[in-house]
Amino acid sequence: MKGFASNYMAMVVVLLLYSLLAGHLEARGEQKEENEVSFRWAFGAMVGQKGDRRLVAITRDTVLKTGDRLKLLLQLESKCFIYLFYRTAEDDIYLLFPKTLQQFETDYKTGKKYYIPEGKNWFELDENLGLERFYMLASSERLIKLEMLYNKYHSVDGSDKHAFAKKLITEIHKTIKQHHVFASAAERPIAIGGNIRGIVKNEKAAFPDIDPIASEVSTFNFYSKTFTIEHK
């Protein structure tokens, strides 16, 4: 009986440890799912002369020319928060995605393809030359300080606007640097610049869907990518 009791107690201890370990692993799994940053993105440009254009994927710093056209795609695969900022050569800043910060509460769904600009429209590079940048930041949580600075930037004018532009750019760089530890995100693939405020209509279906050149990002907590464009 003594041996049986000893074996019974040992079995209870093993089962208890197993239960605790299973609970710990389950909790870690839930935490990972909550902090997951997973999405697809594509950055495409149509380069060349009219009648002889070709689609190229923009994945790094590059050079493009006046008349080249560009389009972006974002598709969430987990509920994360993606910000796409465009910085002109004059340090004006535009939030290309989401269209407004309120979109996070309304039209913001996993699985949906968000094209920038929407539909079959493309941006065209105009005559304004210089260095420009696109900042793509994805986070498992909303970047509240960055959102507040962006709202403030667009609520002021004159010299105050220029000052807040510097603060906003500094905060973007600071956010990227703070999360540099997460730079080893898994990303697998499946010359942009100019003033992009002008939109070009689809030219008889001459511009293809950029979805086939999309890459997939899968990581936790944070991901960022910056494109520096030289427009010549």
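First things first, this report covers the structure right here in the doc. (Residues numbered from 1 in each chain as written. Predicted model: local features only at pLDDT ≥ 70, side-chain atom pairs only at ≥ 80, totals over all residues. Heavy atoms only, no water.)

Further remarks concern the packing of aromatic side chains. All chains considered together, the criterion is met by 15 aromatic pairs. For the pair Phe43 and Phe134, a centre-to-centre distance of 5.1 Å together with 75° between the ring planes defines the contact as edge-to-face. One end of the pair, Phe43, is in strand E1 (residues 36-47); the other, Phe134, is in strand E9 (residues 130-139), with 91 residues separating them in the sequence. Phe134 carries the same exposure label as Phe43, and that label is buried. Ring pairing ties together the aromatic residues Phe81, Tyr83, Phe85, Phe97, Phe104, Tyr108, Tyr114 and Tyr150, which thus form one cluster. (Phe/Tyr/Trp six-rings, centres within 6.5 Å; stacked < 30°, edge-to-face > 60°. Helix = DSSP H or I, 4+ residues; strand = E, 2+ residues; numbered from the N terminus. Buried < 20%, exposed > 50% of the residue type's maximum accessible area, 1.4 Å probe, protein only.)

This part covers the pairing of E9. For E9, the tally of buried residues reaches 7 of 10 residues, placing the bulk of the element in the interior. As paired strands, strand E5 (residues 81-87) and E9 are joined by 7 bridges and run antiparallel to one another. Looking at E9, one finds that Tyr83 is bridged to Leu137. Summarising the sheet, E9 and strand E13 (residues 222-231) pair through 10 bridges and their orientation is antiparallel. Within E13, the residue paired with Ala138 across the bridge is Tyr223. (Pairing = 2+ DSSP bridges.)

With that settled, the discussion passes to the environment of Glu171. The residue Glu171 is located in helix H3 (residues 158-178) in this model. Through-space distance from the C-alpha of Glu171 to that of Lys145 is 8.2 Å; in sequence the pair is 26 residues apart. Every residue in contact with Glu171, bar those within four places of it in the chain, is listed here: Lys145, Leu146 and Leu149. (Contact = heavy atoms within 4.5 Å.)

On to the sheet that holds E9, then. Ordered by their spatial adjacency, 5 strands build an open sheet running E3-E13-E9-E5-E6, and the pairing between neighbours is mixed. At either margin of the open sheet sits one strand with a lone partner, and together these are strand E3 (62-64) and strand E6 (93-97). In this sheet, adjacent strand axes meet at a mean angle of 25° when their direction is disregarded. Note: E3 against E13, 3 bridges, orientation parallel. In the strand pairing of E13, Val63 is matched with Glu230. Strands in contact with helix H2 (residues 144-153) are E5, E6 and E9; relative to E6, the strand with the most contacts, it is inclined by about 125°. Running at roughly 55° to E9, H3 makes contact with E5, E6, E9 and E13 of the sheet. (Axes fitted to C-alpha atoms, helices over the stretch in contact; angles between N-to-C directions.)

These results come straight from atomic positions and should not be treated as a statement about function.
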